[in-house]
Structure formats: C-alpha cells, structure tokens
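For reference, the chains in residue letters:
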Amino acid sequence: MSTWYAMNVVLVQTTLTTLLLALSIQVPLRFGVFSFAGVGAFGIGGYGSAIAMVHLGWSTWPAVAFGAVVAGLVVFLLGLVVQRLTGLYMGMATIAFTLIVSVLAVNGGDLTGGAMGLYGALGEISVLQILLVVLLVVALLHLTELGGMGRRVDAVRDDPELANALGVDVVRYRQFSFLVSGLIGGLAGAITTLLRSTITPAEVNFHLVILALTAIVVGGSRSWVGALIGAVIFVWLPTWIGFLAEWERVAYGVIVAVAAIYLPLGVLGVAKDLWHRFRTREERARVAALAKES
Amino acid sequence: MAETTPDQEAPLLEVRDVAVHFGGVKAVDGISMKLWPGRIYGVLGPNGSGKSTLLGAMTRLTPMTRGAFVFEGQDYTKKHARTIQHMGIARTFQTVRLLEDRTVRDNILLGTDSLGRETRKEAAARVDEVMERLGIQEVERMRPDELSYGMQRRVEFARAIISRPRLLLLDEPTAGMNTSEREEISAIMRQLLEEGVTQFIVEHDVQMMVDTCDYLYAMNFGKLIAEGTPTDVVRDPAVQEAYLGKGAGKHA
Ligand SMILES: Nc1ncnc2c1ncn2[C@@H]1O[C@H](COP(=O)(O)OP(=O)(O)OP(=O)(O)O)[C@@H](O)[C@H]1O
Ligand SMILES: [Mg+2]
C-alpha cells in the first residue's frame, strides 16, 4: 500500500484537484447555466495564491483562501453581467472570460510574470489537507442535492419558469451558482499552483474546459458523485491504457463519444436508473398490468 | 346563485381591464372579473381565445400590456411571478410540467419547497393523504415518464393543492381523461371547495363545467362574451355561436 501510494501520490493529488475543477463546471450546469467560468476561476485562483505567496509573502493556506475568494468574487460579478445570456451564448461569453484571464496573465508584468509565468510559489500542502478541503466542498454540495433544496435546484435547471411559478427565485439561485463555481474553481487553481510552485498563462486554457466537461459528461452531470467518477476515470485512464501507446488518444475520444451518445447522464445516471428500476419493479409491473386490462 | 355577491367585503381576486398583446395578436384584450371566495369559476372558449394567456398573466409569468390584479385587497400586478405562490395562489399548466428525473412524491413536494417551514412540514405530513385522494399513492416512487398522461395530470394537480392555496388555477385539468376519471376529478374539486379552496378552471368539456362550476365565463378573441350561471352562459347565443357551434347547444 505505502509503496503504491508513494508511486501514485501525484495521481491522487491530480484526481482531487481535477475533481474540484470538474465541480466548478458542474455546479452551474446543475442550475441550468452553461458556464465555463470555473476555468477562468482556476486561473485567478492560481495567480491569486501565487501572487499572495511570492509578492506578499503569505503562507500557504491564507494564499489559497485569497485566491479562491478573489476568484469567487470575480466570477460572481461576471455572473451579474452575463446572467441574461442563455445556452451557447453563455458558453461563449464564459470561455471569452477564461481567455481574458490568460491574456491578463501574459500582460501582467512583474505581478504575473508575463508569458513565462510566476515561479517560486511552493506551498506546503499534504494530500490529507487536500482531501479535507475536498471533503468539505463535497459535503456542502451534497446538501444542495438533498430534499427540498435538491428539488428546487432540479426545477431551476429543468424548467425555470415552473420554478418561478412555484416560488423559487431562479435568478438568485443562478447568481449563487456563479459564486460557488468561482470559489471551487479558484480553490482548484490555487491548490494546483502551490503544489507545482508555478503557474503560466498557457495552463489557463481551453484544455481545462475539455477536461472538466468530459469528466462530467462521462461521470454524470447531476451530482458530485458523477464528477468524482469522471475525475477518477480521466486521471487514471492513461495508466490503464498506457499499453495502447499512440492509440491512447483515440481510445479517449471513443470513450467520450460513446458516453455522450449512450449515457446522457453519465455512468452515475446509468447506475441510478438501474437502481430505480430495481426498486420500483413491483409497482411498474402492476401499472403495466392495469394498462393492459383497460 | 352566484352573481357578484356583496356578502363578502372584497373579492378574493379582482381582474381589472387586463390586456396581453403579442405584437398584433390581442390574446387577452380588456378582461375584468371579480372572483369571490368559496366558488368554483369556469372559463369556456374556443382554441386560441386567450384562456391560458389569462392564467399566465394572473400568475405574472406573462408580461401584460395593461390592467391590474388585486388579490385579497393587494395589488400584485408589479410583483414577480415567484411571489404569487407565496400569496396563496397555485396553478397547473395546460401541458404537463413535471421534473422528469424525480419521483411522483418529489414532484408533489416541490409544490411547497419554497414556502415557509410550517407549510413544508404540513405538506410532508399531508403528502400521503393528497396522493391517496388523487389515486396516485401506488405510483409514488415512479417517475412521470412511466405514467399515463392522465396520471401525470393528477400529479400536477397534487403539486398545486399540496400548498393549500386559497385560489387554485387549473388549465384543462382533465385533458386526456375519460368520463369516469373526469367525474372523479370534478368530485375532488367540489371537496376542495368545501375545504375553502376557491377555483378558477379552464376546460373544454362543457358538461363537466356545467356540473362543476358555480359561475361561468365565456371568452372569444381575448374578450369576455358572456358570464353568469352555467346554464345561462351555455344557452347564450353568442357563446353557442363562438364555442359550441350553431345548434350544438342541445348537448349542454
Ligand atoms: N408567447 C406567445 N407569443 C405570441 N402569441 C401567443 C403567445 N402565447 C399565446 N399566443 C397567442 O395568443 C392567442 C391565445 O392563446 P392561448 O394559449 O391563451 O389560447 P387558449 O384559449 O388557451 O387556447 P387553447 O384552448 O388551445 O388552449 C393565440 O392566438 C396564441 O397563438
Ligand atoms: Mg390554453
């Protein structure tokens, strides 16, 4: 176990930070907002925490908190600006936001280290600490999936007009989802940066959008459990299919395509559906029998 | 029996010269009504006469061109749609609008999820009784897409009444149901009335409306063309011409 751990500690770290990144994209999706601002938040969190350590001399966790809070606030404000956009337009605007973050990083002079990025922000972060942070985030998100809160969130996503008619403040819920997305994305960026001691503009890029999105599409978009499944699959996949060598990317593409076509709600969606069918097998049989009679 | 009756101080809902125009389409064009508590009101009208649009305006989901709504003495014309349920008005929709991935029980509970703690507690205690009443207890753990259309309508109905509204707006609650099911729903409406729920129903089934309602309105081209007791309205020549087609009155 301990040798396994020593060999794979980086993969464990990456799984946890990828989970946070995936959650930062999943949260707005759960509220019916097609926003990728979580990736911009990743950049802001990364630069924010690195700046706090390098320029302000802060220690690790205050720097992480600083990065996350700044990212949360910026994405919240972005949400106020773009909240009227829908679907594709929302997606485009939030991807543009991510591009702006990397452009600002390139042109930030000494503050951001320009195109070379910022170096020397090595935090002291143990895997256990990351795990605790992730557990806290997941526990809070879990509350938004339970009971009345879970139902309201589903209504905001699936039928916002109905949600309004039932007394849910759809606009506020969606603004809140931007804030949470920014905080979690910022957290992911800050932890990733301080683990590596460096961040460059090139890292705040479209590939993170793809990574987060594929993790959610394959794992499941409706619950943190789906994001976890997706993060595990895509961080560990290269070690499992490494023998495919140059075909690895093809396999990756096939998995995503198959999931998108056949598992619209991801691996988790399939599992939930099976459980639902098993649980309701008796009443469904009765209803089917009744329908035949009449 | 139920003309504008002055034994209550104020109507439960007053509709004042409400109009909803979509560009050139005058979907609702100057409607005024007074709904007194303790009655079932019905609206008849041919397809496209503006009935659903009127309900949309009443629940402030549809932007209005002019007019005002006053509920229990309070003008709520400028309020946001999400505040309507809190005031004590609940509705169903002409098309079934349920959460696909949620069970019947969850869908019903959604009807009070945004209301006060007391109301939610009461709903949790009452949900079994409400399902029983609508005959959907058996399927409480199933999802809407596993149910027949009529069953789905019952779930909608349950979601609207779980909050104990003082005014219930129903848009074709028995569409897709057979005669015995319609009678069942009609009986539930009369029961609800006894529990103090004033109702405003849009339906195409004239016989059912005559049997169920205390007072009828008839609409055409966004305007009221008749109102009064069900038998009077159904016999009204303007209504017969617009809605029932000439000579169809003898069925009613
Ligand atoms: N959002 C909208 N935009 C433009 N026109 C609309 C809109 N909603 C309704 N209309 C039009 O307004 C008119 C009234 O429609 P409404 O749905 O209120 O009729 P209805 O009486 O409920 O009919 P039905 O019995 O078929 O349900 C119709 O001509 C319809 O095409
Ligand atoms: Mg209609």
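What you are looking at is a predicted structure, and each value in this text was computed from that prediction instead of being measured. (Residues numbered from 1 in each chain as written. Chains lettered and ligands numbered in written order. Predicted model: local features only at pLDDT ≥ 70, side-chain atom pairs only at ≥ 80, totals over all residues. Heavy atoms only, no water.)

Draft legend 1. A look at the site of ligand 1. Residues and elements named next belong to chain B. Contacts to ligand 1 come from 14 residues, most closely from Gly48, Lys51, Ser52, Thr53 and Gln94. Between ligand 1 and the protein, one listed contact pairs an oxygen atom with a backbone N or O atom of Gly50 at 3.0 Å. A distance of 3.0 Å separates an oxygen atom of ligand 1 from a polar atom in the side chain of His204. Within the complex, the protein chains bury 61% of what would otherwise be the 630 Å² of accessible surface of ligand 1. Those elements that place two or more of their residues in the shell around ligand 1 are β2 (25-35) and α1 (51-58). If one sorts the elements of the shell around ligand 1 by residue count, α1 sits on top with three residues. Residues that form the shell around ligand 1 fall into these classes: four nonpolar, eight polar and two charged. (Near = heavy atom within 4 Å. Polar contact = N/O pair within 3.5 Å; in protein donor to acceptor, adjacent residues only side chain to side chain. Areas by Shrake-Rupley, 256 points an atom, 1.4 Å probe, with all protein chains shown as cover. Helix = DSSP H or I, 4+ residues; strand = E, 2+ residues; numbered from the N terminus. Nonpolar A, V, L, I, M, F, W, Y, C, P; charged D, E, K, R; others polar.)

Draft legend 2. Highlighting the coordination of the magnesium ion (ligand 2). Residue and element names in this part refer to chain B. The protein atoms donating to the magnesium ion (ligand 2) are Ser52 (OG) and Gln94 (OE1), with metal-donor distances spanning 1.9 to 2.1 Å. Pair noted here: Ser52 is in helix α1 and Gln94 is in the loop between β6 (89-91) and α3 (104-109), with a separation of 42 residues, a long-range link. Assessed through its relative accessible area of 35%, Gln94 is described here as partly exposed. (Donors = N, O, S within 2.8 Å, 3.2 Å for Na, K, Ca; no water. Buried < 20%, exposed > 50% of the residue type's maximum accessible area, 1.4 Å probe, protein only.)

Draft legend 3. Representation of the sheet that holds β2(B). Residues and elements named next belong to chain B. Read from one edge of the open sheet, four strands run β2-β1-β4-β5, paired in antiparallel fashion. Looking at the sheet topology across the chains shown, the edges are occupied by β2 and β5 (74-75). One ladder, built from two bridges, connects strand β4 (residues 66-71) with β5; its direction is antiparallel. Bridge pairing in β5 places Phe71 opposite Gln74. Those strands touched by α1 are β1 (13-22), β2 and β4, and its axis lies near 115 degrees from that of β1. (Pairing = 2+ DSSP bridges. Contact = heavy atoms within 4.5 Å. Axes fitted to C-alpha atoms, helices over the stretch in contact; angles between N-to-C directions.)

Draft legend 4. Summary view of the packing of helix α1 (residues 2-30) of chain A against helix α10 (residues 206-219) of chain A. Residues and elements named next belong to chain A. For the pair α1 and α10, interaxial distance at closest approach is 9 Å and the crossing angle is 75 degrees. Classified by the interaxial angle, the pair formed by α1 and α10 is roughly perpendicular. Residues Thr18, Leu21, Ala22, Ile25, Gln26 and Leu29 of α1 pack against Leu208, Leu211, Ala212, Leu213, Ala215 and Ile216 of α10. When its residues are assigned to classes, the contact of α1 with α10 shows ten nonpolar, two polar and no charged. (Parallel < 35°, antiparallel > 145°, perpendicular 65-115°, else oblique.)

Draft legend 5. Layout of the pairing of strand β10 (residues 223-228) of chain B. Residues and elements named next belong to chain B. Pairing analysis gives five bridges linking strand β9 (residues 215-220) to β10, with the strands arranged antiparallel. When the sheet's bridge partners are listed, Met219 is paired in β10 with Leu224. Where β9 folds back onto β10 in an antiparallel hairpin, the turn is made up of two residues, including Phe221, whose phi is positive at roughly 50 degrees.

Draft legend 6. Spatial organisation of the interface of chain A and chain B. Taken together, the contact pairs 28 residues of chain A with 26 residues of chain B. The interface formed by chain A and chain B holds ten salt bridges in total. Two residues, B:Arg97 and A:Glu161, come together in a salt bridge whose shortest N-O distance is 2.9 Å. Here chain A is connected to chain B by 15 residue pairs in polar contact (both at pLDDT 80 or more). Mapped by element, the contributors of at least two residues to the side of chain A that touches chain B are α7 (147-158), α8 (160-165), α13 (266-279) and α14 (281-293) of chain A. Among the elements that make up the side of chain A that touches chain B, the one with the highest residue count is α7(A) (seven residues). Residues of the side of chain A that touches chain B, tallied by class, amount to seven nonpolar, six polar and 15 charged. (Salt bridge = Lys/Arg side-chain N within 4 Å of Asp/Glu carboxyl O.)

Draft legend 7. Up close: the packing of aromatic side chains. Going through the model one piece at a time under the given rule, you end up with ten aromatic pairs over all chains. Centre to centre, the rings of B:Tyr215 and B:Tyr217 are 5.3 Å apart; their planes meet at 70 degrees, and the pair counts as edge-to-face. Here B:Tyr215 and B:Tyr217 have matching classes, each one buried. Ring pairs connect the aromatic residues A:Phe31, A:Tyr173 and A:Phe176, which therefore count as one cluster. Sitting above the plane of the A:Phe278 ring, A:Arg281 keeps its charged end 4.2 Å from the centroid. Note that B:Arg97 overlies the ring of B:Phe93, its terminal NZ or CZ placed 4.3 Å from the centroid. (Phe/Tyr/Trp six-rings, centres within 6.5 Å; stacked < 30°, edge-to-face > 60°. Lys NZ or Arg CZ within 6 Å of the ring centre and 35° of its normal.)

Draft legend 8. Region of interest: the pattern of salt bridges. With the rule as written, the count across this model stands at 30 salt bridges over all chains. Put simply, A:Glu283 and B:Arg141 hold a salt bridge, and the shortest N to O gap is 3.1 Å. With A:Glu283 in helix α14 and B:Arg141 in the loop between α4 (117-134) and α5 (149-161), this pair bridges two chains. Look at A:Glu283 and you get buried, because its relative accessible area is 6%. Residues B:Asp205 and B:Arg182 are paired through a salt bridge, measuring 2.8 Å at the closest nitrogen-oxygen approach. Remark: B:Arg182 occurs in helix α6 (residues 179-194) and B:Asp205 occurs in the loop between β8 (198-202) and α7 (206-212); sequence separation between them is 23 residues. Overall, B:Arg182 belongs to the buried group, its relative accessible area being 19%. Within this structure, A:Arg151, A:Asp154, A:Arg157, A:Asp158, B:Arg102, B:Asp106 and B:Asp113 form a network of salt bridges that share partners.

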